[in-house]
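Okay, here's what each chain looks like letter by letter:
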Amino acid sequence: MRVLAIIPARGGSKGVPGKNIKLLSGKPLIEYTTQVALQSKLLTKVLVSSDDDKIIEVAKNTGVEVPFKRPSNLSEDATPTLPVIKHALAYYKNIGEEFDAICLLQVTSPFRTVDFLDNALQKFINEGADSLISVQKVPHEYNPHWTFELNEEGNLKIATGEEKIISRRQDLPTTYHRDGSIYITKTSIIEKENSLYGATISYVESPKEFYVNIDTMEDWRKAELVLKKNK
């Protein structure tokens, strides 16, 4: 299976200025992701998609391909990820290269390992699902069966639509939330259904002790602590 790894890294980060190339323990943040992707045995090609010249320069110095500069209209704060993926696929299609699937790797989740990535890719290949995402278990106090939303009268109703709440923690079903570290999707699902997920979604559970998703300076400090603790 031909799999294209896409690492999106636009400029203009607000929560952590210059986040994608800011040094984390002496290494640009983006390098944590590019180095793992480049060591993967199951990725066909790895590219960084960016609109920022400095990010492009740093990314190239890590050894990854940056075959184009992303258009500004695909690099705004509100730009969704799907058009960025489609832009990369279209670029390669125009030069005669096609892929069976894409693997989206976000710079903000720097601590995935090569084994974790390749195990996810192998599971996706073996199972034949439309997509695979990395997840974390939802703590029981935030389980959707114990969360509420407002009804038309302004009172609370169970968010899952059930009439009676599950009273015992032991009876709650295990639930997961996506953690942003890995997304793998068949190209056909992206092109035909305009979706990153499709009908069948497989998963891998990320190691909780290494998990961090960097959006704020508080997240950045957490990443520094994770590195210090696990050196």
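Refer to the preceding data block for the structure.
Rules and cut-offs
- Residues numbered from 1 in each chain as written.
- Predicted model: local features only at pLDDT ≥ 70, side-chain atom pairs only at ≥ 80, totals over all residues.
- Heavy atoms only, no water.
- Salt bridge = Lys/Arg side-chain N within 4 Å of Asp/Glu carboxyl O.
- Buried < 20%, exposed > 50% of the residue type's maximum accessible area, 1.4 Å probe, protein only.
- Phe/Tyr/Trp six-rings, centres within 6.5 Å; stacked < 30°, edge-to-face > 60°.
- Helix = DSSP H or I, 4+ residues; strand = E, 2+ residues; numbered from the N terminus.
- Lys NZ or Arg CZ within 6 Å of the ring centre and 35° of its normal.

**Student:** Mind showing me how you'd approach the pattern of salt bridges here?
**Tutor:** Pairing between side chains of opposite charge can happen when the charged atoms of each approach one another. Overall, the coordinates contain seven salt bridges when judged by the stated rule. Glu149 is the salt-bridge partner of Lys157, the closest N and O atoms lying 3.6 Å from each other. We note a salt bridge from Arg168 to Asp171, for which the minimum N-O separation is 3.1 Å. By relative accessible area, Asp171 is classed as partly exposed at 45%. Sharing partners across several salt bridges, the network here consists of Arg2, Lys45, Glu65 and Glu97.

**Student:** Just to check I follow, could you spell out the packing of aromatic side chains for this structure?
**Tutor:** Aromatic ring pairs are described here by two measures, namely the spacing of the ring centres and the angle between the planes. One pass over the structure, following the stated rule, counts five aromatic pairs. An angle of 55° between the planes, with centres 5.0 Å apart, marks the rings of Phe68 and Tyr91 as tilted. Here Phe68, found in the loop between helix H2 (53-61) and helix H3 (81-94), pairs with Tyr91, found in helix H3; they are 23 residues apart in sequence, far enough to count as distant. What makes Tyr91 partly exposed here is its relative accessible area of 28%. Ring centres of Tyr92 and Phe99 lie 5.6 Å apart, and the angle between their planes is 80°; this geometry places the pair in the edge-to-face category. For Phe99, a relative accessible area of 8% gives the class buried. Pairwise contacts between aromatic rings join Phe68, Tyr91, Tyr92 and Phe99 into one cluster. Against the face of Trp220 rests Lys22, its NZ or CZ located 5.3 Å from the ring centre. Here the guanidinium or amino end of Lys27 rests over the ring plane of Tyr32, the centre of that ring lying 4.2 Å away.

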